[in-house]
Amino acid sequence: MFKVRNFDESKDLDNSNNFPSNEVPFDMDDVLEIWNPRNVAQVWDSKSDRDVNVSSNCDMALVKYFRGVLNGDNWALKMMDADGRHTWGLFWGSRYWVGSPDLCREMNREVKDTVGLFESDRKEHLAAPPFGVDVNSVNLRLDILKPGLNGTHDVTLGLCLPDHCTVDDVSILLNFAVNTSAKNVHRKIVLSHVRNLSDGYTLWSDHTFYIILITSSFVLVFVVFGTIYDAALRYQVLRTDQQKRKDSSVIVEMKSLRPSEDLDDAITISKLWSVKSHNGSLDLVNQRDVPRPLSEALLSFSILLNISKLASWEVGDDTLAPIHGLRLISLFWVILVHTCLLANEISDNIMFRTKAESDFLYQTISNGTYAVDTFFFMSGCLVSFLYFRTIAKQRMRELQITKGFIGQFLQFLGMMWYRYFRLTPPYLLVIGFVQISMKWYHAHSVIELPALDHDTCEKFWWRNALYVNTYFPMEDRCMVWSWYLANDTQFYTVGIIILIVAASFLYVGAALGVLFLVGSWIITAIVTLNTEHVPTIEEPFAHYESLYDKPWTRIGPYLIGMATGWFLFKTKCQIKMNMVTVAFGWTISLATMLSIVYGLYGNTFGPVLSIMYTTLSHSGWALSVAWVLVACVTRHGGIINSFLSWKYLYPLSRLTYCAYLVHPALMRSMILRGESSLHLTQGLVAMLFFGVTVASYMVSIVLSLLFEAPMVSLLRIVHPMRRWKND
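Throughout, residues of each chain are indexed from 1 in the direction in which the sequence is written. Two thresholds apply to this predicted model, a pLDDT of at least 70 for residue-level local features and 80 or more for giving and counting side-chain atom pairs, whereas whole-chain, interface and lining totals are computed over all residues. Processing note: side-chain calculations cover all non-hydrogen atoms of the structure and skip hydrogens and water entirely.

1. Quick word on the pattern of salt bridges
Reasoning step 1: Any carboxyl oxygen of Asp or Glu that lies within 4 Å of a side-chain nitrogen of Lys or Arg is treated as forming a salt bridge with it. Summed over the entire model, instances satisfying the criterion amount to 18 salt bridges.
Reasoning step 2: Between Glu458 and Lys439 there is a salt bridge, and its shortest N-O distance comes to 2.8 Å. Here the residue Glu458 occupies a position in helix 18 (residues 453–465), and Lys439 occupies one in helix 17 (residues 404–444), the gap between them amounting to 19 residues.
Reasoning step 3: Exposure is judged per residue with a 1.4 Å probe applied to protein chains only, and the accessible area is read against the type maximum: over 50% gives exposed, under 20% gives buried, and values in between give partly exposed. Using a relative accessible area of 36% as the deciding quantity, one classes Glu458 as partly exposed.
Reasoning step 4: For Asp549, the salt bridge is made with Arg477, and the minimal N-O distance between the two is 2.4 Å. Linking Asp549 in the loop between helix 21 (544–548) and helix 22 (551–554) with Arg477 in the loop between helix 18 and helix 19 (483–504), this pair joins segments that are 72 residues apart in sequence. Runs of E in the DSSP output that reach at least two residues are strands. Runs of H or I that reach at least four are helices, and both are numbered from the N terminus.

This is the structure we're talking about:
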């Protein structure tokens, strides 16, 4: 089994904890040399010169290894070459000394290939060690104790060692190696933990993998049958149309006595695709035949049908056209921020970020949180706009089930039920994928990210499924980026209560909204004051668990979005404004947005300004976005409206939810699979951003077509407003 050994941070590997003495010269190579097999080999063969309590099997393998090192055997030199060591740039942030884990694994495969050979034949395979080898990842803390260079560096060291050595043996071996090197009082080394990466987690031993595999298999079966069923219906529609045209052509021929040569009986894929609708029943003669729910349920999985919905250039009844553009821009912004943060985490020049922070445009990254506020605003706006528009319909007003307290309570349950099953299936699938992928990478990748999803997703996935994960400490969370979904669901819960009240008592509902908004401002101000939070470019996520992800500090944009949705409903998206009003509105809106995002540059806020900025900036951003949406919807947006409402953005916009779920997981997989640090430049970050964006949308297409779109269609079948064909 895969093993990790943790160590007490108070235990250091050097004998001396003293500060540098003037009598000992500072040798950089000596200070940064943690593991040197040649130095250890010179004393390992003599048990009288060492006191190392490694296991007997490990000791015998190490004796062979170190003899090979001293003899200059090829396989031993390759093992040394696979070890990680310091090369350059420690003081610029180079902390991943991983070596070549792939070389070590290849050597182990060569060892397996020589199993069963006679000794005379084995000599021909001098590139293979006489024992199996494993990759080990060592996390340690290196303290430099020289005045002027004092600092702590978290280092990840990759080692290629005999597979007989356990993680305990490796830790003892490192302790011995450091102590047998030249005594160096200019450093202190504290071992964190060792991971053996060769024998560990496998997918086939994880029940979560089987759940995902079985679920995906069932879905694929339904997709195949649903697509075939849909194609059969379309085929019959085409055949019926052809027969009608043939019958009409016969009449024409009889009248003109000339045969028609224009009929093309071949049914192609393009013709099947051209069929936009059918009655969901195989009985095409009786066009009033009521399709059975099971028939439409099967059609919900049709790839043909779901692709046509996804690729449609129609706005749809469930949104406002400019929201498509706002949604797409906001997601791109979020992906850019996550790409920069995660790439910097594994870069070999972490100080690149410090240099980048001095750039004025870096605030686009550091203040990326306002992209999430745009999502909150849009969510609240659509919920409010669609709710009021729905209850205004005559058919809805006639439903007795929606009247009275019981009816309103049933409305609440129905809306919560619809949202939960609309969002949760693809969400749970991604949680499962994150769990098994992070387990695999934790057991097999030298690189180790701060995220603990390999452990937390298995233990605490249910918190995500209930959308309450933001109430728990960061170290106990699965999929940290899912905080947005938890908050948005909680806002939705509060929002529909306000909407149901407002439907009967408008002013009471409005008062509740104002109460929640002002309460959010007050709580945010108190938390900001108590934590002494100061907004900065360098620490955009300071006091993350107190200010950044808590619903009571982020609900403002959602409430403003709800008010905007009601306003658009009442005005029927038609407002007349003169040019002065339009120009003033756009000027104030854009100026506010630019000052919020780029206003920190060169400024250090005091307590009062810090409270005002932290408390009001999110709501100020939402008000600015509200103007953009209202102006565009009411045709006062000009070129901005033309872009935000551009029909070619609609398909990408519909993939936003799935792309948001998968893009951090894909970034993690790319980084952990590479097992190497990155040397960041602006160009590389840009290429990573574009690559992650394209990959995220490619994966989200599959996720949407197989899981999200079918669930949306299934929910519409059981919707109380569902109008059947014989109504």
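From this point on, the discussion continues.
2. Quick look at the pairing of strand 4 (residues 151–162)
Reasoning step 1: Burial analysis of strand 4 places nine of its 12 residues in the buried class, which makes it a mostly covered element.
Reasoning step 2: Pairing of strand 2 (residues 96–97) with strand 4, which is carried by two bridges, proceeds in the parallel orientation. When the sheet's bridge partners are listed, Tyr96 is paired in strand 4 with Thr156.
Reasoning step 3: Inspection of the sheet shows strand 3 (residues 133–144) paired to strand 4 by 12 bridges, in the antiparallel sense. Within the sheet, the bridge partner assigned to Asp134 lies in strand 4 and is Leu161.
Reasoning step 4: Only strands joined by at least two bridges in the DSSP assignment are considered to pair. The turn linking strand 3 back onto strand 4 is made up of six residues, and Gly148 within it adopts a positive phi angle of 95°.

3. With respect to empty space enclosed by the protein
Reasoning step 1: We place a 1 Å grid over just the protein atoms. Points where a 1.4 Å probe fits but has no way out form a cavity, open points with protein on both sides within 12 Å along at least 5 of 7 lines form a pocket, and any residue with an atom within 4 Å of a point lines it. Grid points are joined across faces, edges and corners, and a volume is the space filled by probe spheres set on the points. For the coordinates displayed, the defined rule picks out six cavities of 30 Å³ or more.
Reasoning step 2: There is about 270 Å³ of room inside the largest cavity.
Reasoning step 3: Within the residue set of the lining of the largest cavity, elements represented by two or more residues are helix 15 (369–391), helix 21, helix 22 and helix 25 (607–633).
Reasoning step 4: Quantified by volume, the second largest cavity comes out at close to 70 Å³.
Reasoning step 5: Taken together, Arg195, Met438, Tyr441, His442, Ile447, Glu448, Leu449, Ala451, His454 and Leu672 form the lining of the second largest cavity.
Reasoning step 6: Considering each element in turn, the lining of the second largest cavity owes the most residues, three residues, to helix 17.

4. What to know about the packing of helix 28 (residues 656–674) against helix 29 (residues 682–717)
Reasoning step 1: Where helix 28 meets helix 29, the axes come as close as 8 Å, and the angle between the chain directions of the two elements is 125°. Accordingly, the angle class assigned to the pair helix 28 and helix 29 is oblique. For helix 28 against helix 29, the interelement crossing comes out right-handed. Side by side, helix 28 and helix 29 meet where Tyr657, Cys658, Ala659, Val662, His663, Leu666, Met667 and Met670 of the first sit next to Leu688, Val692, Ala695, Ser696, Tyr697, Val699, Ser700, Leu703, Ser704 and Glu708 of the second.
Reasoning step 2: Looking at the contact of helix 28 with helix 29, its residues break down into 13 nonpolar, four polar and one charged. Every angle, taken between N-to-C directions, lies between 0 and 180 degrees, and every axis is a line fitted to C-alpha atoms, over only the stretch in contact when it is a helix. If an angle is under 35 degrees, it is roughly parallel; if it is over 145, roughly antiparallel; if it lies from 65 to 115, roughly perpendicular; otherwise it is oblique. Here is the rule for handedness: rotate from the far helix to the near one, and if that takes an anticlockwise turn smaller than a right angle the crossing is left-handed, while a clockwise turn gives right-handed. Any two residues having at least one pair of non-hydrogen atoms within 4.5 Å are treated as being in contact. In this classification, the charged set is Asp, Glu, Lys and Arg, the nonpolar set is Ala, Val, Leu, Ile, Met, Phe, Trp, Tyr, Cys and Pro, and all remaining amino acids, among them Gly, are polar.

5. With respect to the environment of Val699
Reasoning step 1: By the secondary structure assignment, Val699 is in helix 29.
Reasoning step 2: The exposure class assigned to Val699 is partly exposed, which follows from its relative accessible area of 34%.
Reasoning step 3: Taking the C-alpha atoms as reference points, Val699 and Leu655, 44 residues apart in sequence, are found 9.8 Å from one another.
Reasoning step 4: The residues touching Val699, leaving out its near neighbours within four places in the chain, are Val662 and Leu666.

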